[in-house]
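A structural walkthrough
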Amino acid sequence: MDNHFNPDKQHTLNSAVSISGTGLHTGVLVDMTLKPANPGFGIQFQRIDLPSQPVIKADCDLVTDTSRGTTLQVGDAKVSTVEHVLAALVGMGVDNVLIELNGPEIPIMDGSSAPFIELIAATGVVEQEAAKAWYSLDENIYHYDDAKRVEMVALPSLDYQITTLIDFNSPVLGTQHAGLKTIKDFRTEIAPCRTFCFLHELEMLLDHDLIKGGDINNAIVVVDKPVTDEEMERLAKVFKRDKIEVKSEGYLNNLELRFPNEPARHKLLDVVGDLALIGYPIKARIIANRPGHSSNVEFAKKIKQYIKKNKHVKDVPVYDPTMPPIFPLEKIEKTLPHRHPFLLVDKIIELTDTYIVGVKNVTFNEWFFPGHFPGNPVMPGVLQIEALAQTGGILCINSMPEGQYDTYFLKIDNCKFKQMVRPGDTMLLKMEFTGPIRRGICEMRGTVYVGGKVATEADLVAQIVKRS
């Protein structure tokens, strides 16, 4: 991020970039390609090696395993160890990207985010027309795990700041802390910091054949107990080295530490990556004592639930007709199959990976007014729902990988009409995902606002179908 980077705009990659490496736990060689994506697409993974090439959103509600990294899963499709690449994307300000993989795990590389940072920097980050909707906290959010002695809190703040503290009763590590005052410092201060583990953990993983892609240079190994010559010979054989030794500071035969508190900084890196799974960019001060993937994900879920519960209070859309739309009418017609007189969305003014806001200017010349309450023109409620459906169709289609799609609505529930829509009104059409897309099925909440008040609301379910 340079001085010209606008944090209030969405960003994607300038072009597709690829990297290859071995998964830490699976030992599988994986090719990974990061591709640009439309505004509102968010961060999504795609397993192109599987028959249906399933897409998995970066969402804390899709986490199924945190035992050795963070794993996302939809159906039988998994993507493991996602935290380091997610942290790199957050650190570089990338909001929208499709990550294609031909294997089950993100390459471990050197155990840090630095290789992914340099990959992103090589292609460049480009600003998009869409605004970035930040979410602020009005109160403290806490997470405790007494068994693991974990304490985490998110405090209201004008920026995104993180402090981590670690204390594992290790004479080698001691008590460490690390801080990130601004995300702009992530690339230099946090990204190069490698993952770490203790020797007793390493031996347990080796005994269970759980780090097939492990290498002596992609993790800091803390020697927390006396080591025999036989153990050293075994480790040298596993890591295909002639000799392994314990350095005087208590680290296994490894590169020099990149920072004196590199382990604490890596814990901060993991927090950045795991909290990306909230799905909403937040402004908060995070303080995390003894964080780990399990606690990070549970904390992310709490923050996400807080935002979902409270965001409606602040979420009446604001329409500035002087601002250029994200989707003008021409782009809407390229996305939707509808045409006059049945195209009921004039433009899109907001678009994120979770919601969309469209505009419909209602005029006296609408085709339906002469036959619907003549002399007392009122817009039919079913057409208000249709306008919401078309807006939601754009949200659904924009959340999919490249290709042409149509949306077909399957169900409407909880529909309420609270005030009449008349000629001269400007309808703000908001559609928001209420859950992740599963097998092409989208669940959304729709609201029509007129004059800052709710006119119509409903829950809608749609199916996305790829055009043949």
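Residues numbered from 1 in each chain as written. Predicted model: local features only at pLDDT ≥ 70, side-chain atom pairs only at ≥ 80, totals over all residues. Heavy atoms only, no water.

**A look at the overall build of the protein chain**
To be explicit about the condition: Working definition: helices are DSSP H or I runs of at least four residues, strands are E runs of at least two. Numbering for both runs from the N terminus. Values of the radius of gyration come from C-alpha atoms, whereas the globule rule sets the reference at 2.2 Å times the count of residues to the power 0.38. Throughout this description, buried means an accessible area under 20% of the type-specific maximum (1.4 Å probe, protein chains only), exposed means over 50%, and partly exposed covers the range between. Whether two residues are in contact is decided by their heavy atoms: any pair within 4.5 Å suffices. The protein chains shown are the only cover counted for residues, whose accessible areas, like all others here, come from Shrake-Rupley with a 1.4 Å probe.
Helix and strand content of the protein chain: nine helices and 24 strands. For the protein chain, whose C-alpha radius of gyration is 25 Å, the value lies close to the compact-globule estimate of 23 Å for 468 residues. Looking at the protein chain as a whole, 53% of its 468 residues qualify as buried. Contacts spanning at least 24 positions in sequence make up 72% of the contacts within the protein chain whose residues lie at least 6 apart. For the protein chain, the exposed area adds up to about 20900 Å²; of that, 51% sits on carbon and sulfur atoms.

**Topic: the nonpolar core**
Side chains of nonpolar character tend, in soluble globular proteins, to be buried together. What counts is decided by this rule: Nonpolar cores were defined as sets of buried Ala, Val, Leu, Ile, Met, Phe, Trp, Tyr and Cys residues, with membership established by side-chain atoms within 4.5 Å.
Core analysis: the biggest nonpolar cluster contains 80 residues, and Leu-34, Phe-45, Phe-186 and Ile-286 have the highest contact counts within it. With near-sequence residues (within four places) excluded, Leu-34 lies in contact with Leu-13, Ser-15, Ala-16, Val-17, Leu-89, Val-97, Leu-98, Ile-99, Leu-119 and Ile-120. The next biggest cluster of nonpolar side chains, apart from the first, holds 39 residues, and it includes Ala-130, Ile-385, Ile-397 and Val-421.

**Some thoughts on unusual backbone geometry**
The step from His-340 to Pro-341 runs through a cis peptide bond, and the omega angle for that step is 10 degrees. Position of Pro-341 among the secondary structure elements: in the loop between helix 8 (329–335) and strand 19 (347–351). Positive phi values are uncommon outside glycine, yet Thr-81 reaches one of about 55 degrees. Mapped onto the fold, Thr-81 is located in the loop between strand 8 (77–79) and helix 1 (83–91). The phi dihedral of Phe-373 falls on the positive side, at around 55 degrees, and the residue is not glycine.

**Looking at the packing of aromatic side chains**
Our working rule: Aromatic contacts are taken between Phe, Tyr and Trp rings whose centres are within 6.5 Å, Trp giving its six-membered ring; a plane angle under 30 degrees counts as stacked, one over 60 as edge-to-face, and the others as tilted. Over a ring means this: the NZ of a Lys or the CZ of an Arg is within 6 Å of the ring centre and within 35 degrees of the ring normal.
With the rule as written, the count across this model stands at five aromatic pairs. Measuring from centroid to centroid gives 5.0 Å for Tyr-135 and Tyr-280, while their planes differ by 75 degrees, and the two rings are edge-to-face. With a gap of 145 residues between them, Tyr-135 in strand 11 (residues 135–136) and Tyr-280 in the loop between helix 6 (262–275) and strand 18 (282–289) connect regions that are remote in the sequence. With respect to class, Tyr-135 is no different from Tyr-280; both count as buried. When the ring of Phe-342 is compared with that of Trp-367, the centres are 6.4 Å apart and the planes differ by 35 degrees; the resulting orientation is tilted. Pair noted here: Phe-342 is in the loop between helix 8 and strand 19 and Trp-367 is in the loop between strand 20 (355–361) and helix 9 (381–398), with a separation of 25 residues, a long-range link. Of the aromatic side chains, those joined through ring pairs into one cluster are Phe-342, Trp-367, Phe-368 and Phe-369. Across the ring face of Phe-259, the terminal group of Arg-265 is positioned such that the distance to the ring centre comes to 4.0 Å. In this structure, Lys-430 packs its charged tip against the face of Tyr-355, placed 4.6 Å from the ring centre.

**Focus: the pairing of strand 12 (residues 141–145)**
Rules: Strands are treated as partners if at least two bridges between them are detected by DSSP.
Note: strand 12 against strand 13 (residues 150–156), five bridges, orientation antiparallel. Across the sheet, Tyr-142 pairs through a bridge with Val-153, a residue of strand 13.

**A short note on the UniProt feature "binding site: Zn(2+)" (unreviewed entry) in the protein chain**
Applicable threshold: UniProt positions are given in the numbering used here, feature names are shortened, and annotations may be inferred rather than shown by experiment. Under the rule applied, a polar contact is a pair of N or O atoms within 3.5 Å (in protein, one hydrogen donor and one hydrogen acceptor; residues adjacent in sequence only if both atoms are side-chain atoms).
The sites that carry the UniProt feature "binding site: Zn(2+)" (unreviewed entry) are, in the present numbering, His-84, His-266 and Asp-270. What stands out for the annotated residues spanning 187 residues is how close their C-alpha atoms remain, the widest pair being 9.6 Å apart. With respect to the helices, strands and loops of the structure, His-84 is situated in helix 1. By relative accessible area, His-84 is classed as buried at 5%. Ignoring any residue separated from it by four or fewer positions in sequence, one finds His-84 in contact with Ile-108, Gly-111, Ser-112, Ser-113, Phe-116, Thr-195, His-266, Leu-269 and Asp-270. Within the element layout of this structure, His-266 appears in helix 6. When sequence neighbours within four positions are dropped, the list of residues in contact with His-266 reads His-84, Gly-111, Cys-193, Arg-194 and Thr-195. In this structure the side chain of His-266 is engaged in a polar contact, spanning 2.8 Å, whose partner is the backbone oxygen of Cys-193.

**Focus on the sheet that holds strand 4 (residues 43–47)**
The condition is simple: All axes here are fitted lines through C-alpha atoms, helices being fitted over the stretch that makes contact, and every angle between N-to-C directions spans 0 to 180 degrees.
Judged by pairing direction, the sheet is mixed, and its five strands sit side by side in the order 2-3-9-4-5 without closing on themselves. Edge positions in the open sheet fall to strand 2 (17–22) and strand 5 (55–57), since each of these has one partner strand only. Here the strands of the sheet are splayed against their neighbours by 25 degrees on average, with no regard to which way each runs. Here strand 3 (residues 29–36) pairs with strand 9 (residues 97–101) via five bridges, running antiparallel. Paired with Pro-36 across the two strands is Val-97, which belongs to strand 9. Docked against the sheet, helix 1 engages strand 3, strand 4 and strand 9, running at close to 145 degrees with respect to strand 4. The strands touched by helix 2 (residues 114–123) are strand 2 and strand 3; relative to strand 2, the strand with the most contacts, the crossing angle is about 160 degrees.

**Structural notes on the environment of Glu-105**
Inspection of the secondary structure puts Glu-105 in the loop between strand 9 and helix 2. Using a relative accessible area of 0% as the deciding quantity, one classes Glu-105 as buried. In sequence terms Glu-105 and Thr-123 are 18 residues apart; their C-alpha atoms lie 23 Å from each other. Aside from chain neighbours lying at most four places away, what touches Glu-105 is Gly-23, Leu-24, His-25, Thr-26, Val-30, Ser-80 and Thr-81. Within the structure, the side chain of Glu-105 is placed 2.7 Å from the side chain of Thr-81, a separation counted as a polar contact.

**Some points on the UniProt feature "active site" (unreviewed entry) in the protein chain**
Mapped onto the present numbering, the UniProt feature "active site" (unreviewed entry) falls on His-293. Discounting residues that sit within four places of it in the chain, His-293 has contacts with Thr-66, Gly-69, Thr-70, Glu-83, Asp-270 and Asp-274.

**Regarding the side chain of Lys-347**
Mapped onto the elements of the fold, Lys-347 is located in strand 19. Contact partners of Lys-347, with chain neighbours within four places excluded, come to Tyr-319, Pro-321, Pro-325, Phe-327, Ile-332, Val-357, Gly-358 and Val-359.

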